[in-house]
Amino acid sequence: KKKKVEKIDVRLGAKPISKIRGINMLKLEDEMLETNRAIVKMQNVSFISWKKYNNNKYEVFITVKNQSDQITQMLTDDELLDLKKYYAECAKKNSVISERPDSELLRVNQKISIEDGILIDSHRCVVDLALVEFITIKENYYTGEYIIKLHFQNKEVRLYLGNYDEVESIIGIWTQYR
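So, how was this worked out
Residues numbered from 1 in each chain as written. Predicted model: local features only at pLDDT ≥ 70, side-chain atom pairs only at ≥ 80, totals over all residues. Heavy atoms only, no water. Helix = DSSP H or I, 4+ residues; strand = E, 2+ residues; numbered from the N terminus. Buried < 20%, exposed > 50% of the residue type's maximum accessible area, 1.4 Å probe, protein only. Contact = heavy atoms within 4.5 Å. Areas by Shrake-Rupley, 256 points an atom, 1.4 Å probe, with all protein chains shown as cover. Pairing = 2+ DSSP bridges. Axes fitted to C-alpha atoms, helices over the stretch in contact; angles between N-to-C directions. Expected span 1.5 Å × (residues − 1). Arc of directions from axis to C-beta. Polar contact = N/O pair within 3.5 Å; in protein donor to acceptor, adjacent residues only side chain to side chain. Salt bridge = Lys/Arg side-chain N within 4 Å of Asp/Glu carboxyl O.

Caption draft 1: The arrangement of the overall build of the protein chain in detail. Looking only at helices and strands, the protein chain has two helices and 15 strands in total. Counting across all 178 residues of the protein chain, residues that qualify as buried make up 41%. For the protein chain, restricting intrachain contacts to residue pairs at least 6 apart in sequence, the fraction spanning at least 24 positions comes to 41%. Working note: accessible area of the protein chain is about 10700 Å², and carbon and sulfur atoms make up 45% of it.

Next up, the structure:
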């Protein structure tokens, strides 16, 4: 029996792709990302965020530069891990800065780490700090915690930090990549 193939309209100006109904697709090669819904060059991805859906599934949001829209895809734990690694590799290759300073793995806190200008919040997102345009900081005076927002052209990523030393470490590294 042949499986039914359907054409899908794709947002963000990518070309339509074919998919086989019922198969979750994630293809990472040649610095391209292909999902059930879209094809995009990795150099056009601002950041990737996710939220847990159920046992080992995540709803992943791929934010594209200069777009107000996102590509949404359901991924397993392993697929999300592969996507995070691939994003970091491509971000280093296609950096908007001429040379990235060498950096050791910096553990900001239990959830957030930065290596070679790639910030990974293990629960929420992965971000190339070279693409961040500016950062805003807000202190919660009741708890002493900080919320920093990493701003892109039309999107932002929020990070929740426990103290001002964590804020300073992120800003210090970000300034090396601007």
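Past the structure itself, the notes keep going.
Caption draft 2: Quick look at the sheet that holds strand S5 (residues 39–41). In space, the three strands of this open sheet follow the order S3-S4-S5, with antiparallel pairing throughout. With one partner strand each, in any of the chains shown, strand S3 (26–29) and S5 form the two edges of the open sheet. Direction aside, neighbouring strands of the sheet carry axes that sit 15° apart on average. The sheet contact formed by strand S4 (residues 32–35) and S5 spans three bridges and is antiparallel. When the bridges of S5 are listed, Glu34 appears paired with Ile39. The sheet contacts of helix H1 (residues 77–93) involve S3 and S4, and relative to S3 the element is tilted by about 25°.

Caption draft 3: Molecular detail of helix H2 (residues 164–176). In this model, H2 (13 residues) spans 19 Å end to end at C-alpha, consistent with the 18 Å of a helix rising 1.5 Å per residue. Turning to H2, its buried residues are Glu166, Val167, Ile170, Ile173 and Trp174. The arc that holds every buried residue of H2, seen down its axis, measures 140°, which confines them to one face. In this structure Asn163 caps H2, since a side-chain oxygen of it lies 3.0 Å from the backbone nitrogen of Asp165.

Caption draft 4: Geometry of the pattern of salt bridges. Using the criterion set out here, one finds four salt bridges in the structure. Across the salt bridge formed by Glu156 and Lys149, the nearest N and O atoms sit 3.8 Å from each other. Residue Glu156 pairs with Arg158 through a salt bridge whose shortest N-O separation is 3.4 Å.

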